[in-house]
Amino acid sequence: MSDSPDKSAPTDGPAGPPRHTLRDDNTTSTDPDRDRQRRLRLSRRGWTMLASGVLVLTFALLGAFVRVPYVALGPGPTYDTLGAVNGSEVIRVDGERTYPTDGELRMTTVSLNDNMTLFGALGMWLSGRYALAPREEYFRPGQSDDEVRRENLRQFRNSQSNAEVAALRRLGHPVRVVVDQIVDESPAVGVLEPGDRILRIDGEDVADSAGVRAALRDTRPGQTVSVAVRGEDGPERTEDITLGRHPNGPHGFIGIQPTDIANVPFEVDIALEDVGGPSAGLMFALAIMDELTPGAMTGGERVAGTGTIDAAGNVGEIGGISFKVVAAHEAGATAFLVPAGNCDEAVAAAPDGLSLVRVATLDDAVTALESLADGRPATPCAGG
């Protein structure tokens, strides 16, 4: 049967019975209006499918190419501060006797992934290994990637300097205090220089940065103090400085950032690329001490840890502890040194088989390593 008219039928005679047309569904229709309605319904179905396809394609393009204002945080790489990375020793001491070490002192890091697409962010979140956080919590508005990198490297260098001073001071070596930075438009501008060693303030000897702060604690704005300094390559000199108003208190303000450096006839070099931030200070300090003292501080154990450190040896809390304990466990560590302020979070996130040790100072960390090396329990990180 054909869809075309029956050409054998007369065209000018009386109308015969209605002719039937064969439909695609093998049914016949005798109502032209019903056929038009069905064709209209098919047309609407086609438009709906087309619109759905466009929406799916649009979502796919947005998910694959549009960046979201979030970062993904997860466990990062770990580094043995007693070992080497890319063929270079992490800690190198020149001009002083060093001793063989054993075991590992692993510093831990957090992986931060930026410039993610929607699909990329969802994939990391669904993996259960990463957490998403608003980008503004880690990058200031308008801050460039290069500015972030420079700030991280500055913090990393400060942590190295503090680690060296804290370690050598505990080993009995002297330190000295120098001008690290000068505040813009402060009384020290044009009078003192970065690198100047501070010897005395108003005739009183100062041995470290804490001594500088103590010497200025009872001063007042407008008061003139004498500051004896020695430049890196110059003679001792004395400068009279009229103090300004301190932005955080009623006492006088010189406008310098003092820092302590080791006063030793040898050099300690810490070489580790592509790592930023201040949280490796504790593990650097322990590695320096291990290199400069006989015996292995770890007793051959694989110990990981984290924590900032200041020149006096105080250990500060850090961010991302929940990811760092996971990274340490995956690296094979059996014990993890945790800053006291991070204990609660660490306990909640620690994998089975990883012993958490609470430390508040460099002395605590050394005592903990001695206990672990002797097979004795160290101070647990139970609930902070």
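Predicted, not measured: the structure shown is a model, and the values here were computed from it.

## Notes on the packing of helix H3 (residues 145-170) against helix H8 (residues 362-373)
Alright, step 1. Closest axis-to-axis distance for the H3/H8 pair is 11 Å, and the angle between their directions is 65 degrees. In terms of their interaxial angle, H3 and H8 are classed as roughly perpendicular. Note on packing geometry: the crossing formed by H3 with H8 is right-handed. Only Leu 362, Asp 363 and Val 366 of H8 make contact with H3, whose side of the interface consists of Ala 166, Ala 167 and Arg 170.
Alright, step 2. Of the residues assigned to the contact of H3 with H8, the class counts are four nonpolar, no polar and two charged.

## Let's talk about the state of the cysteines
Alright, step 1. The tally for this structure, following the rule as stated, stands at one disulfide.
Alright, step 2. The residue that forms a disulfide with Cys 343 is Cys 381, at a sulfur-sulfur distance of 1.8 Å. When the S-S torsion is -135 degrees, as for the bridge of Cys 343 with Cys 381, the disulfide is left-handed. Of this pair, Cys 343 sits in helix H7 (residues 343-349) while Cys 381 sits in the segment after H8, and the two are 38 residues apart along the sequence.
Alright, step 3. The class of Cys 343 is buried, set by a relative accessible area of 0%.
Alright, step 4. For Cys 381, a relative accessible area of 4% gives the class buried.

## Some thoughts on the packing of helix H5 (residues 281-292) against H8
Alright, step 1. Where H5 meets H8, the closest approach of the two axes is 11 Å, and the angle between their N-to-C directions is 60 degrees. One element, H5, and the other, H8, form an angle in the oblique class. Once H5 is placed against H8, the crossing between them reads as right-handed. On the side of H5, the interface is formed by Leu 282, Ala 285, Leu 286 and Met 289, while H8 contributes Leu 362, Ala 365, Val 366 and Leu 369.
Alright, step 2. Partitioning the contact of H5 with H8 into residue classes produces eight nonpolar, no polar and no charged.

Conventions adopted
Residues numbered from 1 in each chain as written. Predicted model: local features only at pLDDT ≥ 70, side-chain atom pairs only at ≥ 80, totals over all residues. Heavy atoms only, no water. Axes fitted to C-alpha atoms, helices over the stretch in contact; angles between N-to-C directions. Helix = DSSP H or I, 4+ residues; strand = E, 2+ residues; numbered from the N terminus. Parallel < 35°, antiparallel > 145°, perpendicular 65-115°, else oblique. Left-handed = near helix turned anticlockwise from the far one by under 90°. Contact = heavy atoms within 4.5 Å. Nonpolar A, V, L, I, M, F, W, Y, C, P; charged D, E, K, R; others polar. Disulfide = S-S within 2.5 Å. Buried < 20%, exposed > 50% of the residue type's maximum accessible area, 1.4 Å probe, protein only.

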